[in-house]
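# Coordinate inspection notes
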Amino acid sequence: MSENRGNLGSNSSGESTKKATSFVRDATGLVRQLGALDSFVLNFLSMNLLGVFILGVFGIGLYPSADMPLSIGFAVIPALIIALTYVFLSVAMPRTGGDYVWVSRILNPAVGLMVNFALTFILFTFIALDVVLSTEWGIGAFFYNLAITTSGSTATTAGNIATMLSPLPGTFSTDGWIVFGIAVVFIVLVSLSVALGLKSAFRVQKIVWVIVLIATIVYLGIAFAVPHHTFVTNFNTYSGSNTTAILAGATSTGIPTTIALSGTLLGFVFIFLNFTGFNYSAYASGEIRNSKRSQTIGMVAALLVFAALLVLIVVATQYVFGYNIFNSMAYLFDQIFYGTNPAAPYSPSLPPPMPQFLIGYLTSNPILIFIICIGFALSLLVNAVSYIFIATRNMFAWSFDRSVPEALSKVDERFHSPYVALMVTAVLSVVITFFTVFTTASNFFSYITFLFAILYVIVGVSAVLFPYRRKSIFEASPEFVKRKVGGIPVIAILGVLSVIFAIFIGYALFTPSYSGSFVATNFEVVIGVLVVPLVIYGISYAYRKSKGTDITLIQREIPPE
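Computed from a prediction, not measured in an experiment: that's the story for all the values here.

Right, let's get into the nonpolar core. Grouped together as the largest cluster of nonpolar side chains are 192 residues, with contacts concentrated most on Tyr-86, Phe-275, Phe-278 and Phe-466. Discounting residues that sit within four places of it in the chain, Phe-466 has contacts with Leu-89, Ala-92, Met-93, Ile-106, Lys-471, Ile-473, Phe-474, Ser-477, Val-481 and Ile-491.

This is the structure in structure tokens:
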């Protein structure tokens, strides 16, 4: 089959190299069980459609002059270019580990480990956030809405539960232990779904995908059907605040009153972060059938469908809550959340101004409220499924190449799951979740998403150099990969564009309105995440060399299937 033609590599001078005999074993133990629909669902859910309830608020709050639907349009362009770059490289080298394999073979194994390690670290932090926020802002939102739409003991009990699920960050409390306990249960359940094999994990994903779509449709139906004045009346009656005070408070703190192109361009960074995950099927390439079709549908089609639904959600949200009111709430909330203006006039009685918290001001139907809130919670939890799945595959790839201990590449013979890597992922996720709930350590991760920009730059550079630096692998690739325009390989053109867009994304992530004043200590975390894998690789190289194995020679070849 054409997608397997890369098993034999060559050195940079074009001389053939022998077939690899020094990988951990002659076959990965993984099985190609995933098709185009699986790839589509994996990437669609990894982007997290209802995650815009969170990221949209922060995007609007930090860039109130942005036209968010237009920001989505701007964000699609770089995401689509980078997605196509990943499609081409996935088809050329369809192996588990994604960019770890490509960058290692095209640029340098240490650099490959560095960027893939950085992504995996991001996934660990996201797993912790997902299980915590699904509890606090998913389940908690349901009980908040129940408290404002019911009366008597029901309302009191619901309000108490909502408060319990919103512990004060950075302190040890009973409420914090409850949230942590629920989060750990979620991590265990998610890990079990992955441990039981691809069929189990992707069966869960497809079920949740349907639930998320139903929740989205219900939300859109309510948002477009309920008049704006109904929200205003209910909010002013039951929230403990009022829209007039919110608008006046935002005006007094200097909220921009007009849409600006600069804000729209910079504001797309939050939407782009909502898109991250569009390429995650690349990391499971060794388990996906028909790479060209499955990866194209999985990355490109999923991205476009996701973006279209995202526009509908943003438009519906601005329509029913009111553009100025919603922007003002987000603007004031963000000032308190980020600490830029702790005295901002956002009433303590108000929840985060996210649609899943505000839905109770549109309808009192507990079933509809439950569908939307549980859909939001599950959209985060299924993200954790994707992240744990991808993290284990990445660690498996490092181990199979002998860059880290071989134990991480052990695969269960029945379920074809890297069980040691999975256990490590689960334990680290629990540890990071503990620090997320009980400490303010997560503040040190404020620049962590900058690693995405670095990752995309390096992958883009790899795509540019691929046809020239690893010509034998390029020439052995399917015709799809070898396409040219004006004599220039399409993959190289995509690589150049990816680098340009990634640099702009990195710039946007460091603008003062996004990150506030520069905090050197927090940026040191980014540096540390990049340096640690280089140290690990250096130790591994020296150890293997002392045993008579040059792992750099192994890592010039594409791993076996």
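Resuming the write-up.
The subject of this paragraph is the side chain of Ser-379. With respect to the element layout, Ser-379 can be found in helix H15 (residues 366-400). For Ser-379, a relative accessible area of 1% corresponds to the buried category. Not counting residues up to four positions away in its chain, the partners in contact with Ser-379 are Asn-48, Leu-50 and Val-212.

Below, the discussion takes up the packing of helix H11 (residues 261-275) against helix H19 (residues 490-509). H19 packs onto H11 with a crossing angle of 100 degrees between their chain directions and a minimal axis gap of 9 Å. By the angle class used here, H11 and H19 are roughly perpendicular. Each of Leu-265, Leu-266, Phe-268, Val-269, Phe-272 and Leu-273 in H11 lies in contact with H19, whose residues at this interface are Phe-504, Ile-505, Tyr-507, Ala-508 and Leu-509. For the contact of H11 with H19, a count of residues per class yields eleven nonpolar, no polar and no charged.

This model, assessed by the stated rule, comprises 43 aromatic pairs. For the pair Phe-466 and Phe-474, a centre-to-centre distance of 5.5 Å together with 90 degrees between the ring planes defines the contact as edge-to-face. Given a relative accessible area of 0%, Phe-466 falls into the buried group. By the ring-pair criterion, three or more aromatic residues cluster together here, those being Tyr-86, Trp-102, Phe-126, Phe-272, Phe-278, Tyr-280, Tyr-283, Tyr-387, Phe-452 and Tyr-456.

For the structure on display, the rule yields five salt bridges. Note that Arg-105 and Asp-401 form a salt bridge whose closest N and O atoms lie 2.7 Å from each other. Of this pair, Arg-105 sits in helix H4 (residues 99-106) while Asp-401 sits in the loop between H15 and helix H16 (419-438), and the two are 296 residues apart along the sequence. Each member of the pair, Arg-105 as well as Asp-401, carries the same accessibility label: buried. One network of salt bridges, with partners in common, ties together Arg-402, Glu-406 and Arg-544.

Let us look at unusual backbone geometry. A positive phi angle, near 50 degrees, is found at Asn-290, a position not held by glycine. By the element assignment, Asn-290 lies in the loop between H11 and helix H12 (291-321). One non-glycine residue, Arg-402, lies in positive phi territory at about 70 degrees. Along the chain, the position of Arg-402 falls in the loop between H15 and H16. For Arg-402, a relative accessible area of 15% translates into the label buried.

This next bit is on the side chain of Thr-120. Here Thr-120 shows up in helix H5 (residues 109-149). There is a polar contact of 3.1 Å between the side chain of Thr-120 and the side chain of Asn-394. Once residues within four sequence positions are removed from consideration, Thr-120 is found in contact with Ala-391, Asn-394 and Trp-398.

Among the surface-exposed residues, Tyr-468, Val-485, Ile-488, Ile-493, Val-496, Leu-497 and Ile-500 lie close enough to one another that they form a single nonpolar patch of about 610 Å² accessible area. Examining the composition of the nonpolar patch, we find that four residues originate from one element, H19, more than from any other. Relative to the helices and strands, Leu-497 is located in helix H19. Using a relative accessible area of 31% as the deciding quantity, one classes Leu-497 as partly exposed.

Take the packing of helix H3 (residues 68-92) against helix H17 (residues 450-469) next. Between H3 and H17, the shortest axis-to-axis distance is 11 Å and the interhelical angle comes to 55 degrees. As far as their axial angle goes, H17 and H3 are oblique. Every pair of crossing elements has a handedness; the one defined by H3 and H17 is left-handed. Here Ile-82, Thr-85, Tyr-86, Leu-89 and Ala-92 of H3 lie close against H17, whose contacting residues are Leu-455, Tyr-456, Val-459, Ala-463 and Phe-466.

Okay, the confidence of the model for the protein next. Here the protein averages 84 in pLDDT, while 91% of its residues score no lower than 70. Note that residues 1-21 has pLDDT below 50 and, in this model, 43 contacts with residues that lie over four places away or in other chains.

Attention now goes to the environment of Met-114. Inspection of the secondary structure assignment puts Met-114 in helix H5. Each C-alpha atom of the pair Met-114 and Tyr-543 lies 18 Å from the other, and the pair is 429 residues apart in sequence. Every residue in contact with Met-114, bar those within four places of it in the chain, is listed here: Ile-458, Leu-530, Pro-533 and Leu-534.

What counts and how
- Residues numbered from 1 in each chain as written.
- Predicted model: local features only at pLDDT ≥ 70, side-chain atom pairs only at ≥ 80, totals over all residues.
- Heavy atoms only, no water.
- Core = buried A, V, L, I, M, F, W, Y, C linked by side-chain atoms within 4.5 Å.
- Buried < 20%, exposed > 50% of the residue type's maximum accessible area, 1.4 Å probe, protein only.
- Contact = heavy atoms within 4.5 Å.
- Helix = DSSP H or I, 4+ residues; strand = E, 2+ residues; numbered from the N terminus.
- Axes fitted to C-alpha atoms, helices over the stretch in contact; angles between N-to-C directions.
- Parallel < 35°, antiparallel > 145°, perpendicular 65-115°, else oblique.
- Nonpolar A, V, L, I, M, F, W, Y, C, P; charged D, E, K, R; others polar.
- Phe/Tyr/Trp six-rings, centres within 6.5 Å; stacked < 30°, edge-to-face > 60°.
- Salt bridge = Lys/Arg side-chain N within 4 Å of Asp/Glu carboxyl O.
- Polar contact = N/O pair within 3.5 Å; in protein donor to acceptor, adjacent residues only side chain to side chain.
- Patch = residues over 30% accessible without salt bridge, like charges linked within 9 Å, V, L, I, M, F, W, Y side chains within 5 Å.
- Areas by Shrake-Rupley, 256 points an atom, 1.4 Å probe, with all protein chains shown as cover.
- Left-handed = near helix turned anticlockwise from the far one by under 90°.
- pLDDT = per-residue confidence, 0-100.

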